[in-house]
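Architecture and fold: a report
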Amino acid sequence: GQNIDQPTEMTATEGAIVQINCTYQTSGFNGLFWYQQHAGEAPTFLSYNVLDGLEEKGRFSSFLSRSKGYSYLLLKELQMKDSASYLCAVRGSNAGNMLTFGGGTRLMVKP
Amino acid sequence: EAGVAQSPRYKIIEKRQSVAFWCNPISGHATLYWYQQILGQGPKLLIQFQNNGVVDDSQLPKDRFSAERLKGVDSTLKIQPAKLEDSAVYLCASSLESASGYGYTFGSGTRLTVV
């Protein structure tokens, strides 16, 4: 089975940097995803890591350590519009390759 | 490309009633998923289809939930009879292949309220 943990809520200031952590325990691993979900909307894809290391995409970066079962999402130069839930999801190596989601981290950006 | 279409957007029903949700995935996407997202939680997989075949439905409460994907395109998810704890957003997602590096594309979801 899969167990994915991330903090429930975080608060940060506009213009600052915030790091959202995710730890996972899985029976198989075939990639880790981060999604952004604004209130009342569908999740949208942010990043994908399958190898160890840092993937940078504009203001957002995602890091993976497979040996530690650990990932983080780094948001730089925070903007008010970044207030949302951030979902960590792990893809197993079973036949379906489906994603298992964590509970999400609700980020509130304050002026 | 057009996104994943879902309808209805909202639905309110009384407990013990029946309800059905519809999903039209992105054209050409072979894999389709139904997720249940209870308020304040992450999405939980209910069922995965590959074309018109079921890949995984281990978390689908089969005594009341059913889903089908006829002709390997559109899909419907049905709840009969509904319970109060079924109140949630039902998200449909699709992907070109199950091991895509881009994950899924989600629809806007159907928000179900059971009263």
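No experiment lies behind these values; they were computed from the predicted model shown.

What counts, and at which threshold
- Residues numbered from 1 in each chain as written.
- Chains lettered and ligands numbered in written order.
- Predicted model: local features only at pLDDT ≥ 70, side-chain atom pairs only at ≥ 80, totals over all residues.
- Heavy atoms only, no water.
- Pairing = 2+ DSSP bridges.
- Helix = DSSP H or I, 4+ residues; strand = E, 2+ residues; numbered from the N terminus.
- Axes fitted to C-alpha atoms, helices over the stretch in contact; angles between N-to-C directions.
- Phe/Tyr/Trp six-rings, centres within 6.5 Å; stacked < 30°, edge-to-face > 60°.
- Lys NZ or Arg CZ within 6 Å of the ring centre and 35° of its normal.
- Salt bridge = Lys/Arg side-chain N within 4 Å of Asp/Glu carboxyl O.
- Buried < 20%, exposed > 50% of the residue type's maximum accessible area, 1.4 Å probe, protein only.
- Disulfide = S-S within 2.5 Å.
- Contact = heavy atoms within 4.5 Å.
- Buried area = accessible area lost by both parts, 1.4 Å probe.
- Polar contact = N/O pair within 3.5 Å; in protein donor to acceptor, adjacent residues only side chain to side chain.

What follows covers the sheet that holds strand S6 (residues 53-57) of chain A. Residues and elements named next belong to chain A. The strand order across the open sheet built from five strands is S1-S3-S8-S7-S6, with neighbouring strands paired in antiparallel fashion. The open sheet has two edge strands, strand S1 (2-5) and S6, and neither has a second partner. Looking at each pair of strands side by side, their axes are set apart by 15° on average, direction ignored. Two strands pair when backbone bridges link them, and strand S3 (residues 18-26) and strand S8 (residues 70-75) are joined in this way by six bridges, in the antiparallel orientation. For Val-18, the partnering residue across the bridge sits in S8 and is Leu-75.

It is worth spelling out the packing of aromatic side chains at this point. Applying the stated rule across the entire model yields 19 aromatic pairs over all chains. Ring plane angle 50° and centroid distance 6.0 Å describe the contact between Tyr-35 of chain B and Tyr-104 of chain B, whose orientation is recorded as tilted. You can see Tyr-35 of chain B sitting in strand S4 (residues 31-37) and its partner Tyr-104 of chain B sitting in the loop between strand S9 (88-95) and strand S10 (105-106), a full 69 residues away along the chain. Ring-pair connections join several aromatic residues into one group, and the members of that group are Phe-33, Tyr-35, Phe-45, Tyr-48 and Phe-101 of chain A together with Tyr-33, Tyr-35, Tyr-104 and Phe-106 of chain B. Positioned over the ring face of Tyr-10 of chain B is Arg-9 of chain B, at 5.4 Å from the centre of the ring.

With that settled, consider the pattern of salt bridges. Residue and element names in this part refer to chain A. Inspection of every chain in the model, using the stated rule, returns six salt bridges over all chains. For Arg-106, the salt bridge is made with Glu-9, and the minimal N-O distance between the two is 3.8 Å. Linking Arg-106 in strand S11 (residues 105-110) with Glu-9 in strand S2 (residues 9-13), this pair joins segments that are 97 residues apart in sequence. A relative accessible area of 48% means that Arg-106 is categorised as partly exposed.

This paragraph deals with the state of the cysteines. Residue and element names in this part refer to chain A. For the coordinates displayed, the defined rule picks out two disulfides over all chains. Between the sulfur atoms of Cys-22 and its disulfide mate Cys-88 the distance is 2.0 Å. Judged by the sign of its S-S torsion, about -70°, the bond between Cys-22 and Cys-88 is left-handed. Here Cys-22, found in strand S3, pairs with Cys-88, found in strand S9 (residues 84-91); they are 66 residues apart in sequence, far enough to count as distant.

In this section: the interface of chain A and chain B. Interface size is often expressed as the accessible area that is lost when the parts come together. Every contact between the two is made by 18 residues of chain A and, on the other side, 24 residues of chain B. A combined buried area of about 1500 Å² lies between chain A and chain B, and 54% of that area is made up of carbon and sulfur atoms. The tally of links between chain A and chain B comes to zero salt bridges. At the surface where chain A touches chain B, the tally comes to six residue pairs in polar contact (both at pLDDT 80 or more). Secondary-structure elements contributing two or more residues to the side of chain A that touches chain B are strand S4 (32-37), strand S5 (44-49), S9 and strand S10 (99-101) of chain A.

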